[in-house]
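# Tertiary structure, described
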Amino acid sequence: MAQLPQAQIDTIRETVSRAVAEVKITDIHTHIYPPVFGELLLWGVDELLTYHYLVAETMRYVDIPYDRFWAISKRSQADLIWKTLFLEHSPISESCRGVLTTLDRLGLDVSTRNLEEYRRFFAAQKVEDYVDRAFELAGIESVVMTNDPFDDLERRTWLANKPIDSRFHAALRIDGLLNSWDATVPRLREWGYSVSPDIGAETVAEVRRFLRDWIELMEALYMAVSLPPTFAFPESSPRAKLISECVLPVAVETGRPFAMMIGVKKLTNPGLRLAGDSVGKSSIEVVEYLCSNYADARFLVTMLARENQHELCVTARKFRNLHVFGCWWFLNNPSIIDEMTRMRLELLGLSVTPQHSDARVLDQVIYKWAHSRAIIAEALAGKYIDLAASGWQASEDEIRRDVAALFGGNFWTFVR
Ligand code: RAT
Ligand code: ZN
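Small disclaimer: the values here were computed from a predicted structure and weren't measured.

All right, on to the overall build of the chain then. Within the chain one finds 18 helices and ten strands. Taking 416 residues into account, the globule formula puts the C-alpha radius of gyration at 22 Å, and the chain, at 22 Å, falls close to it. The dimensions of the chain, computed from C-alpha atoms along their principal axes, are 70 × 55 × 40 Å. Per-residue burial over the chain gives 54% buried out of 416 residues.

Here we come to the pattern of salt bridges. Following the criterion strictly, the structure yields 24 salt bridges and no others. The partner of glutamate 396 in a salt bridge is arginine 18, with the nearest N and O atoms 3.6 Å apart. With glutamate 396 in helix 18 (residues 396–415) and arginine 18 in helix 1 (residues 6–22), the pair connects residues that are 378 residues apart, well separated along the chain. Glutamate 396 gets classed as partly exposed once you look at its relative accessible area, which sits at 33%. Look at the salt bridges and you will find they share partners, linking Asp46, Arg75, Asp79, Glu116 and Arg119 into a network.

Any covalent bond linking the sulfur atoms of two cysteines counts as a disulfide. Considering all chains together, one arrives at zero disulfides under this definition. The thiol sulfur of cysteine 291 is not disulfide-bonded, and the nearest other cysteine sulfur, from cysteine 313, lies at 13 Å. The thiol of cysteine 327 is not disulfide-bonded; the next cysteine sulfur, from cysteine 313, is found 10.0 Å away. Its relative accessible area of 1% is what places cysteine 327 among the buried residues.

Another aspect to go through is the coordination of the zinc ion (ligand 2). Bound to the zinc ion (ligand 2) are the protein donor atoms His29 (NE2), His31 (NE2) and Asp358 (OD), situated 2.0 to 2.1 Å from the metal. Taken in sequence order, the residues that donate to the zinc ion (ligand 2) follow the motif H-x1-H-x326-D. Look at histidine 31 and you get buried, because its relative accessible area is 14%.

So, on to empty space enclosed by the protein. In this approach the atoms are scanned with a rolling probe the size of a water molecule, which exposes any empty space left behind. Inspection of the entire model under this criterion finds one cavity of 30 Å³ or more. In this model, the largest cavity occupies a volume close to 30 Å³. Classifying every residue of the lining of the largest cavity by side-chain character gives four nonpolar, two polar and one charged.

All residues in the neighbourhood of ligand 1 are listed as His29, His31, His52, Tyr53, Arg173, Ser226, Met261, Trp328, Trp329, Asp358 and Arg360. Measuring from an oxygen atom of ligand 1, one finds a side-chain N or O atom of arginine 360 at 2.3 Å. Within the complex, 97% of the 300 Å² of free accessible area of ligand 1 lies under protein. At a threshold of 2 Å from the grid points, most atoms of ligand 1 map onto the largest pocket.

A few words on the sheet that holds strand 2 (residues 140–144). A sheet is described by the order of its strands in space; here three strands give the open sequence 1-2-3, paired in parallel fashion. Either end of the sheet is taken by a strand with one partner, and the two such strands are strand 1 (25–27) and strand 3 (168–169). Relative to strand 3, strand 2 is paired through two bridges, and the arrangement is parallel. In the sheet register, valine 143 faces strand 3, and the bridge partner there is phenylalanine 168. Relative to strand 2, helix 8 (residues 127–138) is tilted by about 110 degrees, and along the sheet it contacts strand 1, strand 2 and strand 3.

The next subject is the environment of glycine 139. Secondary-structure assignment places glycine 139 in the loop between helix 8 and strand 2. A relative accessible area of 9% places glycine 139 in the buried class. In contact with glycine 139, not counting residues within four places along its chain, are Val23, Lys24, Ile25 and Arg373.

This next bit is on the packing of aromatic side chains. Enumeration according to the criterion identifies 21 aromatic pairs in this entry. Relative to tryptophan 70, the ring of phenylalanine 69 lies with its centre 5.1 Å away and its plane at 75 degrees, an arrangement referred to as edge-to-face. We classify tryptophan 70 as partly exposed; its relative accessible area is 22%. Ring geometry for tyrosine 193 versus phenylalanine 210: centroids 5.4 Å apart, planes at 85 degrees, classification edge-to-face. Here tyrosine 193, found in the loop between helix 11 (181–190) and helix 12 (201–218), pairs with phenylalanine 210, found in helix 12; they are 17 residues apart in sequence, far enough to count as distant. Following the ring pairs from residue to residue traces out a cluster consisting of Trp43, Phe121, Phe122 and Tyr130. Positioned above the aromatic ring of tryptophan 191 is the side chain of arginine 155, whose terminal nitrogen or guanidinium carbon lies 3.4 Å from the ring centre. Here the guanidinium or amino end of arginine 167 rests over the ring plane of phenylalanine 135, the centre of that ring lying 4.8 Å away.

What counts and how
- Numbers given for residues are sequential positions, taken from 1 along each chain in its written order.
- By the order in which they are written, chains take letters starting at A while ligands take numbers starting at 1.
- Local features in this predicted model are restricted to residues of pLDDT 70 or higher, and side-chain atom pairs are both shown and tallied only at a pLDDT of 80 or more, whereas totals for entire chains, interfaces and linings draw on every residue.
- With hydrogens and water stripped out, all remaining heavy atoms of the structure feed into the side-chain values.
- Note on conventions: DSSP H or I runs of at least 4 residues are helices, E runs of at least 2 residues are strands, and numbering of each starts at the N terminus.
- All radius of gyration figures rest on C-alpha atoms, and the globule criterion is 2.2 Å times the number of residues raised to 0.38.
- Relative accessibility thresholds used throughout: buried, under 20% of the residue-type maximum; exposed, over 50%; partly exposed, between the two (1.4 Å probe, protein chains only).
- Within this document, salt bridges are pairs made up of a side-chain nitrogen of Lys or Arg and a carboxyl oxygen of Asp or Glu, the two lying within 4 Å of each other.
- Throughout, disulfides are identified as pairs of cysteine sulfur atoms within 2.5 Å of each other.
- Think of the donor list as every N, O and S atom within 2.8 Å of the metal, or within 3.2 Å for Na, K and Ca; water never makes the list, so a site can look incomplete.
- Buried and open spaces are told apart on a 1 Å grid over the protein atoms alone, a cavity being a set of points where a 1.4 Å probe fits but cannot get out and a pocket being an open set with protein on both sides within 12 Å along at least five of seven lines. Residues with an atom within 4 Å of a point are the lining residues.
- Grid points are joined across faces, edges and corners, and a volume is the space filled by probe spheres set on the points.
- Think of it as three bins: nonpolar holds Ala, Val, Leu, Ile, Met, Phe, Trp, Tyr, Cys and Pro, charged holds Asp, Glu, Lys and Arg, and polar takes everything else, Gly as well.
- Only a single heavy atom is needed: when it lies within 4 Å of a molecule or strand, its residue is near that molecule or strand.
- The term polar contact refers here to a pair of N or O atoms within 3.5 Å; inside protein, the definition further demands a hydrogen-donor-capable atom paired with an acceptor-capable atom, and it admits residues adjacent in sequence only when both atoms are side-chain atoms.
- Note on areas: these come from Shrake-Rupley sampling with a 1.4 Å probe, and a residue is covered only by the protein chains present in the view.
- Put plainly, a molecule is in a cavity or pocket when over half of its atoms are within 2 Å of the grid points there.
- Between any two strands, pairing holds if DSSP finds at least two bridges.
- In this description, contact between two residues means that some pair of their heavy atoms is separated by no more than 4.5 Å.
- Comment: axis = line fitted to C-alpha atoms, over the contacting stretch for helices; angle = value between 0 and 180 degrees taken between N-to-C directions.
- Think of it this way: a Phe, Tyr or Trp ring, Trp meaning its six-membered ring, pairs with another when their centres are within 6.5 Å, and the plane angle makes it stacked under 30 degrees, edge-to-face over 60, tilted otherwise.
- A ring is considered to have a charge above it if a Lys NZ or an Arg CZ atom is located within 6 Å of its centre and within 35 degrees of its normal.

In structure tokens:
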């Protein structure tokens, strides 16, 4: 293999980094909303600071009882987090750094450390314009939301049939259906679906009708669920029955993928609320079983445990109806994104979607994409440099084509 001249290495790095910096992204899994969803759209510095990732980090340093923390105002929570994580310690964690990247990209001076000044900046923004600004700074073209028909606020907005900003696509989130069936039965009944706990033929037909109705109303691109490390399939549980009898048949019939986000241990520490979920290693055999036995269905899969990442890549090599995506939640850290992206490129080439933002606060798309782009660009550049050493030169157009696929193109091909 030829030893490449440094100038050629530098040129490849620059070309890849420019292509990645300029690509317009489809962010395939977020928790953000357009303004029409009212208070569901979170934005601004107090929301950034009270992100549940930062709540968990703060609680390691302070001894305030959890209940007291939740009882104080959001502004006071943000004050405590700012003081604890930014002023009393250097903010080196990925989530802390994210707040600073965001403020910096918005043109604020982080060296002043003046939270009140940042608050004044956000208070002067008009939300509609701010959405445009955040999209622009993040370089995103569109996002996929997480849309829960069991959330009353969200439900009301969908049922009101208001026009929705076309940059925001829907994903029908069905955790309620699959993870708490007993509590869901009375709600479905209340909404006119004739279901009963035992999941007989009529219930199956009615749950299918419910899924079809909501896919249509939301124009959902896919159905999605988060699942525990103990997720098993097949098994005799309401969840497994609902997946095989309702979700997968509707997925096939409507041509919508089923997204499984596997590996979350809910409320390991209930006092922390949303910040209290943890991670566990899951069974890859379940993914293999589903992909193999439901060959007509398509699965978008991300797993939360680092330990599952290699076998997930190998499984994707075996099943083309499996699309691997994202570095989810506790994996969305530079060292792990780097490792996972390289492994995926090596095992799956360009047939993955390496990242999603999971932003819960609109402004987070700015930092999450700035940080991920840099790491993915570096991993990718390494691959083109290795190719060049063999004599294969990827052209700039080819590099741009590949980058567009990784940052949204593959997803669109898969959902369509
Ligand atoms: O990453 C997160 O913010 C988690 O709290 C979850 O929302 C997770 O991403 C999910 O979609 O369940
Ligand atoms: Zn999420």
